[in-house]
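Read off the chains here:
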Amino acid sequence: MRAVRTSTLLILLLTPIVSAAPVLHEPLGADVIVDGNLNNPITSASVWTAGVDATGIWHGVDYSNAAGYAELTFVGSGGNHRQQEQDQRSLVQVCFMPPPGTYLLELLAQVSDYTTQIASWQVLLLDDSAELSLTGDPLDKGLGGHVRKVDKGRVKRKEADGQWHTFSADFAISPTDAASYEYLALVLTGSKSEDAQALGFDSVSITAPGGTDEATTPQPSTIILFALGGTMALTRWVRCRMAYSH
Ligand SMILES: [Ca+2]
């Protein structure tokens, strides 16, 4: 009887350990972005600094989500494109690096006018010394080797009609990326030049992954990097999810 109990106990103890081991090719199916519907308070900040500011929450300057989406409240002076760039305000969510793979970014954006407004987004990989400025151009201030851009997009003329439009794009995180950078950042950026103009973001998600790129035959060095990057990234990512997903 005692032997049966002992073996049962051993199985019970071992089962979670075995099932918790990272299976790098298995789809995760989870959303990298926390609170993609913009329901929780946006932390007001003009800079996001690695190692100082929190992951898994929205940081922004001059954005309100009182209406259930991220609405830009700052009205710039408009004018030429350079002025519009300076009038930009960004909303950022940074998360610990997810595992390597191909990811799908989806979001809703609402913009009134193409010629006097800017609305764009970028997926950035950051190292542990990166600083993102949330006013003006987020990549304008000497980020150097601390940042690698893996995706960018913007609202185009035909979509700048004051209505909500859905945008989506695939981007990839390679095993080398996952081993070289500490964080993934989604930066949503916009400007307004008149109070009556709309600038909003909502329903943001980054979902994944189909695992590493199946079209590529991994070389031994790539496999080692993948295992290292993937395991480190998965550990950090799960930690991030556990800390900030409630
Ligand atoms: Ca919402």
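Residues numbered from 1 in each chain as written. Predicted model: local features only at pLDDT ≥ 70, side-chain atom pairs only at ≥ 80, totals over all residues.

A. Geometry of the sheet that holds strand β1 (residues 43-44). Taken in spatial order, the 6 strands make up an open sheet running β1-β3-β6-β12-β8-β10, and their pairing is mixed. The outermost strands of the open sheet, each flanked by one partner alone, are β1 and β10 (147-154). Here β1 runs beside strand β3 (residues 58-60); their pairing, made up of 2 bridges, is parallel. Considered in β3, the bridge of S44 is made with G60. (Pairing = 2+ DSSP bridges. Helix = DSSP H or I, 4+ residues; strand = E, 2+ residues; numbered from the N terminus.)

B. Local environment of the sheet that holds strand β13 (residues 199-207). Here 5 strands make up an open sheet; going across it, the order is β4-β5-β13-β7-β11 and the pairing antiparallel. Sheet topology places β4 (63-64) and β11 (164-173) at the edges, where each strand pairs with a single neighbour.

C. Structural detail: the pairing of strand β12 (residues 183-190). Here β12 lies mainly inside the structure; 8 of its 8 residues are buried. Of the two faces of β12, the one lined by Y183, A185, V187 and T189 and the one lined by L184, L186, L188 and G190 are each fully buried. Direction of pairing for strand β6 (residues 89-96) relative to β12: antiparallel, over a ladder of 8 bridges. Residue pairing across strands places L91 opposite L188, the latter belonging to β12. (Buried ≥ 20, exposed ≤ 12 C-beta atoms within 10 Å, placed from the backbone.)

D. Spotlight on the environment of G36. Position of G36 relative to the elements: it lies in the loop between α1 (2-20) and β1. C-beta crowding within 10 Å serves as the criterion here: with 21 such atoms nearby, G36 is assigned to the buried category. On a C-alpha basis, the gap between G36 and F201 in space is 9.6 Å, while along the polypeptide they are 165 residues apart. G36 has contacts with D31, S203, V204 and S205, leaving out every residue within four places of it along the chain. (Contact = placed C-beta atoms within 7 Å.)

E. Geometry of the environment of A196. You can see A196 is positioned in the loop between β12 and β13. When the C-alpha positions of A196 and V75 are compared, they lie 9.4 Å apart, and in sequence the two are 121 residues distant.

F. Seen up close, the nonpolar core. Grouped together as the largest cluster of nonpolar side chains are 49 residues, with contacts concentrated most on V92, L126, Y183, A185 and L186. Residue assignment for this core shows that the elements contributing at least two residues are β5 (70-72), β6, β7 (101-111), β8 (119-126), β12 and β13. (Core = buried A, V, L, I, M, F, W, Y, C linked by C-beta atoms within 7 Å.)

G. Quick peek at the confidence of the model for the chain. With 71% of its residues at a pLDDT of 70 or more, the chain has an overall mean of 81. Low pLDDT, under 50, characterises residues 8-27; the stretch is placed with 12 contacts to residues that sit more than four places away or in other chains. Below pLDDT 50 for its whole length, residues 242-246 participates in 6 contacts with residues either more than four positions away or in separate chains. (pLDDT = per-residue confidence, 0-100.)

H. Quick look at the environment of L184. You can see L184 is positioned in strand β12. Look at L184 and you get buried, because 28 C-beta atoms sit within 10 Å. Sequence separation between L184 and V150 is 34 residues, and the spatial gap between their C-alpha atoms is 9.6 Å. In this structure L184 touches V32, C95, M97, P98, V123 and L125, once residues within four positions along its chain are discounted.

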